[in-house]
Amino acid sequence: MLFDHTWSKVKVSLLRMAYSESIDSVGRFSLQKVFHLFYLVYKTWVSALSERPRVLYYLPASPNKVPVLRDVIYLSMTRWLFPKLVFHYHAGGLAEYIDQSGWLKPLARLVYSGADVGIELSENDFAPSDYFKAKRKVVIPNGLDVPVLHQKKKIFNGRLEVLYVGALVEGKGISNIVKTAALMREAGASVHFNVVGDWGDEVYKQQVLGEIEASGLGGMITFAGVLTGDAKWEAFSRANCFFFPTHYASESFPLVLIEAMACGLPIVTTHWRGIPKLVEGSDAAVLCGIKSPQEYAESLLKFIADEALCSQMAINAEQFYEKNYTKQVFLERMERVLAETAASS
């Protein structure tokens, strides 16, 4: 959205970071990433010397050694070229990781410390802006627009349609989806889980599929693969609720939860990272402990038992999204902060 936005208050030069081509390459070393890193350093120098921009806007790394080392190299070679520095923290857990990273800690603190502005997605107890002593901290939740859904939500008719969208990795709770399905079958519930996303690891994929086959849950869980465009929104429109049992290390502010609220879906998710603040005050989400299939199953069973509750939560979700998480609200907040930073002496 920031790349495509037509800026009115500031002039923006764009430089694309493209280190990882897929989820399974995130946080891993490759020579291609090394070449790309120094290409970005070169392009940043060209921009800084030719256009004289006042602000470097940068997204710090996820909490892994390779991305942090990348930032140490890039920022040590570039940040001093700009009068102002803005860090936008999208990945969760960076401050905790650096605080326990031994020899990497002083290097990381050197390049991350003292930003003019630290943009956080939500309030949290271990905010990187505080840990790295940013001069100013601003909370700007993510926002996005979704297309109008022409299909009406399905009536239960005795079966609950549950949707998950995200990476298919252990930290996102995929194994817990399987365990939750087994518990709901034991309870006699009629439920179907539509799991949308790309597998991050072939070994983990075979492990999960083996668990499903051994448990006889094949008819309850569908893996739809990666869906984009109309196919993705059709999956949202067919669902009765959204299930996101994450405990992913770098989870911060999952956009899929905003998408779910925009589509009028009640949510079952976890007390993890920025999620409680994301849904706080919405009356549209049930928060459970991480790795708690029993809690997940009980929460989903309540939707089946009380369709009126589910319908009211759906209304709450849409209203909360419209007030807080649209693309326009997000871009207005971002442009205001960047313009103020660029204009400050």
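Before any of the text, the structure's been laid out above.
Only a predicted model underlies this, so the values are computations on that prediction, with no experimental measurement involved.

Asker: Can you tell me about the overall build of the protein, naming the residues and giving the values?
Answerer: Check the secondary structure of the protein and you find 13 helices and ten strands. Relative to the compact-globule value of 20 Å for 345 residues, the protein shows a C-alpha radius of gyration of 21 Å, a close match. Taken across its 345 residues, the protein has 50% of its residues classed as buried. Summarising the internal contacts of the protein: among those between residues at least 6 apart in sequence, 74% fall at separations of at least 24. Per element, the accessible surface of the protein, about 16,600 Å² overall, is 54% carbon and sulfur. Averaging the coordinates of the 36 positive side-chain charges in the protein and doing the same for the 36 negative ones gives two points 7 Å apart.

Asker: So what about the sheet that holds strand S9 (residues 267-270)? Which residues, and what values?
Answerer: On the basis of which strands lie adjacent, the open sheet formed by six strands has the order S7-S6-S5-S8-S9-S10 and parallel pairing. Strands with a single pairing partner mark the edges of an open sheet, and in this sheet they are strand S7 (221-225) and strand S10 (285-288). This sheet shows a mean twist of 25° between the axes of neighbouring strands, independent of strand direction. Strands in contact with helix H9 (residues 255-262) are strand S5 (160-165), strand S8 (241-244) and S9; relative to S8, the strand with the most contacts, it is inclined by about 170°.

Asker: Break down the packing of aromatic side chains for me, citing the residues and quoting the values.
Answerer: This structure, assessed with the given rule, holds 18 aromatic pairs. On the basis of an interplanar angle of 50° and a centroid distance of 5.1 Å, the ring pair of Tyr112 and Phe132 is categorised as tilted. Placement of the pair is Tyr112 in helix H4 (residues 104-112) and Phe132 in the loop between helix H5 (128-131) and strand S4 (137-139), with a sequence separation of 20 residues. For Tyr112, a relative accessible area of 0% corresponds to the buried category. For Phe132, a relative accessible area of 1% translates into the label buried. When the centroid spacing of 5.9 Å and the interplanar angle of 75° are considered together, the rings of Phe253 and Tyr325 count as edge-to-face.

Asker: Account for the sheet that holds strand S2 (residues 84-89), with residues named and values stated.
Answerer: Taken together, the four strands give an open sheet; going across it, the order is S1-S2-S3-S4, and neighbouring strands pair in parallel fashion. Either end of the sheet is taken by a strand with one partner, and the two such strands are strand S1 (55-58) and S4. Put simply, the sheet's adjacent strands are angled 20° from each other on average, direction ignored. For strand S3 (residues 117-120) and S4, the ladder comprises three bridges, and the chain directions are parallel. If you follow Ile119 over to S4, its bridge partner there is Val138. Where helix H2 (residues 65-78) meets the sheet, it contacts S1 and S2, and its direction lies at approximately 175° from that of S1.

Asker: Go over the pairing of S7 with me, naming the residues and quoting the values.
Answerer: Within a regular strand, side chains alternate between the sheet's two faces. Across four bridges, the pairing between strand S6 (residues 191-196) and S7 is parallel. Directly across from Val195, in S7, lies its bridge partner Phe223. In this fold, S6 hands off to helix H7 (residues 202-215), which returns the chain to S7; that crossover is right-handed.

Asker: So, the environment of Arg79: which residues are in play, and what are the values?
Answerer: Residue position: Arg79 is located in the loop between H2 and S2. Along the backbone, Arg79 and Val55 are 24 residues apart, and their C-alpha atoms lie at a distance of 9.3 Å. Discounting chain neighbours no more than four positions away, the residues touching Arg79 are Leu56, Leu85, Leu110, Val111, Tyr112, Ser113, Gly114 and Ala115.

Asker: Describe a nonpolar patch on the surface, naming the residues involved and giving the relevant values.
Answerer: Taken together, the side chains of Phe38, Trp45, Leu49, Ile73, Met77 and Trp80 define a hydrophobic patch exposed on the protein surface, amounting to about 570 Å² of accessible area. When contributions to the nonpolar patch are tallied by element, the ones reaching two or more residues are helix H1 (31-51) and H2. The greatest single-element share of the nonpolar patch, amounting to three residues, is contributed by H1.

Asker: Break down the environment of Pro141 for me, with residues and values.
Answerer: For Pro141, the location among the structural elements is in the loop between S4 and S5. In this structure, the C-alpha to C-alpha distance between Pro141 and Ala224, residues 83 residues apart in sequence, is 29 Å. Once you skip the residues sitting within four places of it in the chain, Pro141 turns out to touch Leu121, Phe253, Tyr325, Phe330 and Arg333.

Rules used throughout
Residues numbered from 1 in each chain as written. Predicted model: local features only at pLDDT ≥ 70, side-chain atom pairs only at ≥ 80, totals over all residues. Heavy atoms only, no water. Helix = DSSP H or I, 4+ residues; strand = E, 2+ residues; numbered from the N terminus. Rg over C-alpha atoms; globule rule 2.2 N^0.38 Å. Buried < 20%, exposed > 50% of the residue type's maximum accessible area, 1.4 Å probe, protein only. Contact = heavy atoms within 4.5 Å. Areas by Shrake-Rupley, 256 points an atom, 1.4 Å probe, with all protein chains shown as cover. Lys, Arg positive; Asp, Glu negative; His and termini not counted. Charge placed at Lys NZ, Arg CZ, Asp CG, Glu CD. Pairing = 2+ DSSP bridges. Axes fitted to C-alpha atoms, helices over the stretch in contact; angles between N-to-C directions. Phe/Tyr/Trp six-rings, centres within 6.5 Å; stacked < 30°, edge-to-face > 60°. Right-handed = clockwise from strand over helix to strand, strands pointing away. Patch = residues over 30% accessible without salt bridge, like charges linked within 9 Å, V, L, I, M, F, W, Y side chains within 5 Å. Salt bridge = Lys/Arg side-chain N within 4 Å of Asp/Glu carboxyl O.

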